[in-house]
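If you want the building blocks of each chain, they are given just below.
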Amino acid sequence: MEASNPSPPSVGSIIDTTQRLRLWAGRSGSGMTRVEFSSEFARQRVMQALKTALLERSIPLHEVTLPTYQDPVALVDYLLKTLNQLESGVVSITGFATAFSTQTPLPDALRIVNFNRERLVHLPLRQIWWMTPVFLQTAIHAMPDLNRWFMLQLQLTEAMVNSSPSPLVAQATGSTANIDDAYQRSHHLIREFEQARTAGATTQELLTTYLLPALEALADVAAQQQLHDLTTQFEGLLGQLKYGDSPALATSLGRLAELYREQGRFGQAEPLFLRALAIQEQQLGADHPAVATTLNNLALLYKSQGRYGQAEPLYLRALAIGEQQLGADHPEVATTLNNLANLYKNQGRYAEAEPLYLRALAISEQQLGADHPEVATTLNNLANLYKNQGRYAEAEPLYLRALAIGEQQLGAYHPAVATRLNNLALLYEAQGRYAEAEPLYLRALAIGEQQLGADHPLVATYLNNLANLYEAQGRYAEAEPLYLRALAIGEQQLGADHPAVATRLNNLAYLYRAQGRDTEAEPLYIRTIDIDERCYGCDHPEVAIDLINLAYLYRAQERYAEAEPLYLRALAIRTEKLGDDHPKTQTLRQNFRGFLQSVMEAGKTGQLSDHPATQDLLRQMREGREE
C-alpha cells in the first residue's frame, strides 16, 4: 500500500509561516516582508525554526528590538543606524507597537517612517517586520508607499501558547511583552471575536484566532487582574459554544487552567487540567506527547500547592513518555528533567536534583547549541541549586555564562537580561557582596522600566530585591518606598489576593520589625497568612514561613501564648510536607526549642499549652538542665 501524501500545513500556522519565511529569506539580494502576529510565543517558535534553517545554510540572522516610546525621527535614525551596522543577511525587527512616543499621534509618526522608505528598503538586507494587528491596522493607512515594498505579507494566526509546564521560562525571562501593547491587542481581538461570532464563525476559529491569542496577550505581561476577568469570560464562552471532546478543546482547557494557576486560583485549575488530561488520553492515547505536556502542567500545579508526593509521579510519567516518543535527547525531555529537578530542589533533595539539571544542560547544549537561551535557563536553574547549597563559587560562573548568553543572543537591554542581572545580584547579596549587587539591581530595574513599563510585575520584583539589599545594609529609609511601590504594583497588576502580594506584605512587615514598628508589622503578617492560606491551602510550606514570621514577632513581644501555636502548626506543616530530616524542618525544631528556652528563662511556662510536643520538649530540656 502506498503511503498517503501528508496534508500541507494550514495557512497562518507556525509551520506554514516558517516555511514561507525560510524560502523568502534564502534568496539572494535584499527585500522586505511583514508578518502580522498575535501570539508572542508563536512568533518565538517561528524564529527558533527559522534560525536553525538559516544556520544550516550559513545565512546570518540578526534580531533587532526597537526601544520604547521614542520620538519618531529619533526612532527612524536609530533603526537606520542599527541596520547599516549589520552584515548582509536576514534581520528580524520587533517592537513597533510600543516604539513611538505617545506625544505624537501614531499615524503622524508612521508618516515619518513612510517618508524615509527609500533609505529603508534599499539596505542590503532581507528585513522581516513583525507587527501586531492593532499596529498594522494603522500602518497600512499611514504608510501606503512603504507598504507596497513588502514582498510578502503574512499572517501568523496560530494561537500557539507556551506549553512548557515549568516555571523555567518565567524564571529566566519573565513576561517580556509591553503592558500597553498587550491591552491593545487583547481588546482588539475581543472586539473581533464578537464580530466573528455574530457573523457565524466556527467554534474552532473563535477559540484559536481570537480568544486564545487575547488571553495570551495578557498572559505575556502577567496582567493578572485583567486576566481574571477575561478567563472568567472565556470559561463561560467555552460552556456556551458547541464543542465536543476533542484535542482542541483539551488545549483550550489546559491553557485556561494554566492561567488560573498563574493567578493563584488553584482550586479552579485542577479540574480543568484533569478534564484536559482525560480527553487527551482518550482521543490521542496515553503515551502521546500532548498527554506529557498536560501531566507536566498538572504536576506544576501540585508543586505550587506543596503536594510534592502527587507531583513527582506525574513528572516521572511525563519524562517516560517524552523519552519513548521523542527520544532521550529531545529538548522537551530536557524541559521535563528541569521540572523534576526543580521539584527535588524544593524538597531539599539536592543530590537527586543535580544530575537531572546536568543531563538537561547536556541535552540543550547538544541539540540547541551552547549559546541557546534554553541553555541559559538550565544554567540559571543549576546555579540556583548551588546557591541554595551555599556553593557560591560554583554558582557564580554559571550565572555569568547565562548572563553572557542573554546579552549576546537577545541584546543588552532585553528583559531576559534584566532577570539574569537580578539573579547574579541575589548571589552577591547572599555572599554579603553588597557593593557588587547594587549596580546589577539598578541596571535590571532600568531595563525593566524602559522595556516593560514602570508598572510591570517584573519591575516590582526588582524593586523588592533592591529594597531587600538596602534593608540588609540598614538603609531603611531607602528601602521602604521601594517596598511600598512594589506592593502597589502587585495589587494593581496582579490583584490584592495574589501570592506575590503576600510576599511583598511579608517583606514590608519584616522591615517594620527591624525598625521596631511592631504595631505596623503585625497586620501585614496576618494579611499575608490569610492570602497564602486561600491561595495555597492551610498546610502549604509558604504558609509555614508566614506563621514563623508572626511567631517571631509575638516572641519578641513576650506574647508566648500566641506564638506557641504558630510554631507548632508551622512545624507540623514542614514535617508533613518536607519530612522530619529536611534541613528546614530541623532548623525550625531548633528555633522552637530556643523559643521554649526563652519562655523558661522568663518564668512564663504557665502561658504554654498542654500540647504533647511542647510538654515533651520542655521535659527533655528540664531533665537535661538538671543533669
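Residues numbered from 1 in each chain as written. Predicted model: local features only at pLDDT ≥ 70, side-chain atom pairs only at ≥ 80, totals over all residues. Heavy atoms only, no water.

## A few points about the environment of Leu379
Phase 1: Relative to the elements of secondary structure, Leu379 occurs in helix 18 (residues 373–388).
Phase 2: With a relative accessible area of 0%, Leu379 lands in the buried category.
Phase 3: Between the C-alpha atom of Leu379 and that of Leu403, which follows or precedes it by 24 residues, the distance is 9.7 Å.
Phase 4: Excluding its chain neighbours within four sequence positions, the residues that come into contact with Leu379 are Leu361, Leu398, Arg401, Ala402 and Ile405. (Helix = DSSP H or I, 4+ residues; strand = E, 2+ residues; numbered from the N terminus. Buried < 20%, exposed > 50% of the residue type's maximum accessible area, 1.4 Å probe, protein only. Contact = heavy atoms within 4.5 Å.)

## Considerations on empty space enclosed by the protein
Phase 1: In this structure the tally under the stated criterion is one cavity of 30 Å³ or more.
Phase 2: One number sums up the size of the largest cavity: a volume of about 90 Å³.
Phase 3: For the lining of the largest cavity, the secondary structure elements donating two or more residues are helix 3 (72–84), helix 4 (106–115) and strand 4 (125–131).
Phase 4: When the residues that make up the lining of the largest cavity are grouped by side-chain class, the tally is 13 nonpolar, no polar and no charged. (1 Å grid on protein atoms, 1.4 Å probe; cavity = no way out; pocket = protein on both sides within 12 Å on 5 of 7 lines; lining within 4 Å. Points joined across faces, edges and corners; volume = space filled by probe spheres on them. Nonpolar A, V, L, I, M, F, W, Y, C, P; charged D, E, K, R; others polar.)

## Side note on the environment of Gly432
Phase 1: Looking at the element boundaries, Gly432 is found in the loop between helix 20 (415–430) and helix 21 (434–452).
Phase 2: Taking C-alpha positions, Gly432 is 9.0 Å from Ala472, a pair spaced 40 residues apart along the chain.

## Topic: the side chain of Glu471
Phase 1: The topology assignment puts Glu471 in helix 22 (residues 457–472).
Phase 2: Although buried, Glu471 forms no salt bridge, and the nearest oppositely charged side chain, Arg513, lies 8.9 Å from it.
Phase 3: Residue contacts for Glu471: discarding those within four places in its chain leaves Tyr476, Ala479, Tyr483, Asn507, Tyr510 and Leu511. (Lys, Arg positive; Asp, Glu negative; His and termini not counted. Salt bridge = Lys/Arg side-chain N within 4 Å of Asp/Glu carboxyl O.)

## A short note on the packing of aromatic side chains
Phase 1: Counted according to the given criterion, the structure contains eleven aromatic pairs.
Phase 2: Taking 5.7 Å as the distance between ring centres and 70 degrees as the angle between the ring planes, the aromatic pair formed by Trp129 and Phe150 counts as edge-to-face. Here Trp129, found in strand 4, pairs with Phe150, found in strand 5 (residues 150–156); they are 21 residues apart in sequence, far enough to count as distant.
Phase 3: For the cation-ring pair, Arg43 lies above Trp130, with the distance from its terminal atom to the ring centre recorded as 5.4 Å. (Phe/Tyr/Trp six-rings, centres within 6.5 Å; stacked < 30°, edge-to-face > 60°. Lys NZ or Arg CZ within 6 Å of the ring centre and 35° of its normal.)

## Quick look at helix 24 (residues 499–514)
Phase 1: Here helix 24 contains 16 residues, and its C-alpha end-to-end distance of 23 Å stays within 8% of the 22 Å for a straight helix at 1.5 Å per residue.
Phase 2: Burial in helix 24 covers these residues: Pro499, Val501, Ala502, Arg504, Leu505, Asn506, Asn507, Leu508, Ala509, Leu511 and Tyr512.
Phase 3: For helix 24, the secondary structure elements touched by its buried residues are helix 22, helix 23 (476–493), helix 25 (518–536) and helix 26 (541–556).
Phase 4: Two residues or fewer past helix 24, Gly516 is found with a positive phi of approximately 75 degrees. (Expected span 1.5 Å × (residues − 1).)

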